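Tertiary structure, described
This is what each chain is made of:
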Amino acid sequence: MQYQDLLIETHGKVAVIRLNRPKAMNALNDNMMNELGEALYAFDKDPAVNVIVLTGSEKAFAAGADIAAMVNYDYQETHTNNYIGRNWEHILNVRKPVIGAVAGYCLGGGCELAMMCDFLVAADSAKFGQPEIKVGVTPGAGGTQRLPRAIGKSKAMDMLLTTRMIDAAEAERTGLVSRVIPAEKLMEEVVAIAQQIAEMPVSVAIQIKDAVNQAFETTLSQGVRYERRYFHAGFGTPAQREGMNAFLEKRKPNFEGL
Ligand code: CAA
């Protein structure tokens with residue numbers, strides 16, 4: 001599949017989707033978000049793919065929603081036509097793991113899109129920020145909700161109100177990203193991480209993702225009950241039989257197709 005604003009690669013069971021509007025720092029416009037939804041759904045249902053990586057360029061994961069496209073929008077255009085809601089959140093419907101690999105600027109809607117990934121790995125060049133206030137609007141793709149959950153209220157308010165960018169080290173320290181990698185090694189290492197996950201049973205990866213996401217939507221006891229149902233239902237599945245027998249037989253498990 002060919003896209004205008006995305007580049008696609010596959011590495012075994014890992015699919016890499018690269019945001020690609022280099023002249024505009026990967027500013028996120030309607031076409032790119034429509035294409036991103038299409039690509040994500042295509043890989044989610046592709047049995048040859050177990051893990052998806054979402055990335056940008058060395059300069060920018062994405063510098064936010066496309067300001068040139070938005071500048072003359074009015075309430076009618078945004079509310080009635082459901083701007084953001086119409087095509088930004090397809091990523092949340094993807095059942096397989098999605099890793100965000102962030103280098104360079106990751107700002108505004110770019111940071112919000114990154115935070116919709118399951119986890120983030122940053123290049124040491126990454127800079128995260130929510131500068132929407134400087135262009136006269138609030139964040140519109142979850143920045144006021146996911147950022148405080150990711151890094152706590154004080155840091156989030158600081159970033160949202162002052163537009164201060166945080167670097168990769170601060171992003172790791174605050175828990176926004178899981179690892180920081182030298183920029184020149186980012187994709188090699190993220191693909192290796194994704195391949196490690198892709199060797200696990202995809203059925204269980206899907207369940208873990210679904211259960212972890214419950215942690216942000218429900219109470220602790222309901223979340224634990226939700227997890228327990230997956231755990232009990234796992235017994236007798238091919239993945240459980242293969243995983244536990246491989247351990248006892250001191251061999252590497254083979255979760256191909258599981
Ligand atoms: N929208 C549209 N175009 C953008 C853009 C954006 N968000 N960010 C960068 N660009 C364009 C610039 O206009 C410029 O285009 P031209 O060469 O045609 O002039 C090109 O990308 C390169 O950018 P700069 O010349 O500005 O590069 P720089 O290195 O000097 O600065 C930057 C880089 C700090 C990322 C700066 O471009 C910047 O501040 N960008 C805007 C960041 C921003 O405000 N993001 C929030 C957008 S609102 C939003 O995202 C709403 C939401 O919550 C959904």
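Residues numbered from 1 in each chain as written. Predicted model: local features only at pLDDT ≥ 70, side-chain atom pairs only at ≥ 80, totals over all residues. Heavy atoms only, no water.

A short note on the domain arrangement of the chain
- In terms of domain boundaries, the chain breaks down into domain 1 (6–198) and domain 2 (202–248).
- For domain 1 and domain 2, the distance between their C-alpha centres works out to 27 Å.
- Taken together, the contacts link 8 residues of domain 1 with 5 residues of domain 2.
- Interface area, domain 1 with domain 2, both sides summed: about 620 Å², of which 59% is carbon and sulfur.
- One can count 1 salt bridge joining domain 1 with domain 2.
- A salt bridge links aspartate 118 to lysine 209; the shortest N-O distance between them is 2.9 Å.
- Along the contact surface separating domain 1 from domain 2 lie 3 residue pairs in polar contact (both at pLDDT 80 or more). (Domains from an automatic or database assignment. Contact = heavy atoms within 4.5 Å. Buried area = accessible area lost by both parts, 1.4 Å probe. Salt bridge = Lys/Arg side-chain N within 4 Å of Asp/Glu carboxyl O. Polar contact = N/O pair within 3.5 Å; in protein donor to acceptor, adjacent residues only side chain to side chain.)

Some remarks on the site of the ligand
- As a structural note, the neighbourhood of the ligand is formed by 20 residues, with Ala65, Ile67, Gly109, Glu112 and Glu132 the closest of them.
- At 2.7 Å from an oxygen atom of the ligand is found a main-chain nitrogen or oxygen belonging to glycine 109.
- Residue assignment for the shell around the ligand shows that the elements contributing at least two residues are helix H2 (67–70), strand S6 (105–107) and helix H4 (109–115).
- Looking at the shell around the ligand residue by residue, the class counts come to 12 nonpolar, 4 polar and 4 charged. (Near = heavy atom within 4 Å. Helix = DSSP H or I, 4+ residues; strand = E, 2+ residues; numbered from the N terminus. Nonpolar A, V, L, I, M, F, W, Y, C, P; charged D, E, K, R; others polar.)

Some words on unusual backbone geometry
- We note that methionine 25 has phi near 50 degrees; this positive angle belongs to a residue other than glycine.
- Here methionine 25 shows up in the loop between strand S2 (14–19) and helix H1 (30–44).
- Look at methionine 25 and you get partly exposed, because its relative accessible area is 34%.
- The phi dihedral of threonine 163 falls on the positive side, at around 70 degrees, and the residue is not glycine.
- Tracing the backbone shows threonine 163 in the loop between helix H6 (153–162) and strand S9 (166–167).
- According to the relative accessible area criterion, threonine 163 is buried, its value standing at 16%. (Buried < 20%, exposed > 50% of the residue type's maximum accessible area, 1.4 Å probe, protein only.)

Re helix H9 (residues 202–214)
- Between its terminal C-alpha atoms H9 stretches 19 Å, which fits the 18 Å expected from 13 residues at 1.5 Å a residue.
- Taken residue by residue, H9 has Val202, Ala205, Ile206, Lys209, Ala211 and Gln214 as its buried positions.
- Looking at the packing, one finds that the buried side of H9 touches strand S5 (98–102) and helix H10 (220–233). (Expected span 1.5 Å × (residues − 1).)

Thoughts on the sheet that holds strand S7 (residues 119–123)
- As summarised here, the arrangement of the 6 strands in space is S1-S2-S3-S5-S7-S10, forming an open sheet in which the pairing is mixed. Where the open sheet ends on each side, the last strands, each with one partner, are strand S1 (6–11) and strand S10 (179–181). Neighbour-to-neighbour, the strand axes of this sheet turn through a mean angle of 25 degrees, independent of strand direction.
- Pairing of strand S3 (residues 51–55) with S5 involves 4 bridges; the strand directions are parallel. What sits directly across from isoleucine 52, in S5, is valine 98.
- Against the sheet, helix H8 (residues 186–198) engages S1, S2, S3, S5, S7 and S10, with an angle of about 170 degrees to S5. (Pairing = 2+ DSSP bridges. Axes fitted to C-alpha atoms, helices over the stretch in contact; angles between N-to-C directions.)

Topic: the packing of aromatic side chains
- Counted according to the given criterion, the structure contains 3 aromatic pairs.
- Measuring from ring centre to ring centre gives 5.7 Å for tyrosine 226 and tyrosine 230, while their planes differ by 85 degrees; the resulting arrangement is edge-to-face. Of this pair, tyrosine 226 and tyrosine 230 both sit in helix H10, 4 residues apart, roughly one helical turn.
- When its relative accessible area of 23% is taken as the criterion, tyrosine 226 is described as partly exposed.
- Assessed through its relative accessible area of 26%, tyrosine 230 is described here as partly exposed.
- Ring geometry for phenylalanine 231 against phenylalanine 235: centres 5.1 Å apart, planes inclined by 90 degrees, an arrangement best described as edge-to-face.
- According to the relative accessible area criterion, phenylalanine 235 is partly exposed, its value standing at 42%.
- A cation over a ring is seen here: lysine 127 above tyrosine 105, with NZ or CZ 5.4 Å from the ring centre. (Phe/Tyr/Trp six-rings, centres within 6.5 Å; stacked < 30°, edge-to-face > 60°. Lys NZ or Arg CZ within 6 Å of the ring centre and 35° of its normal.)

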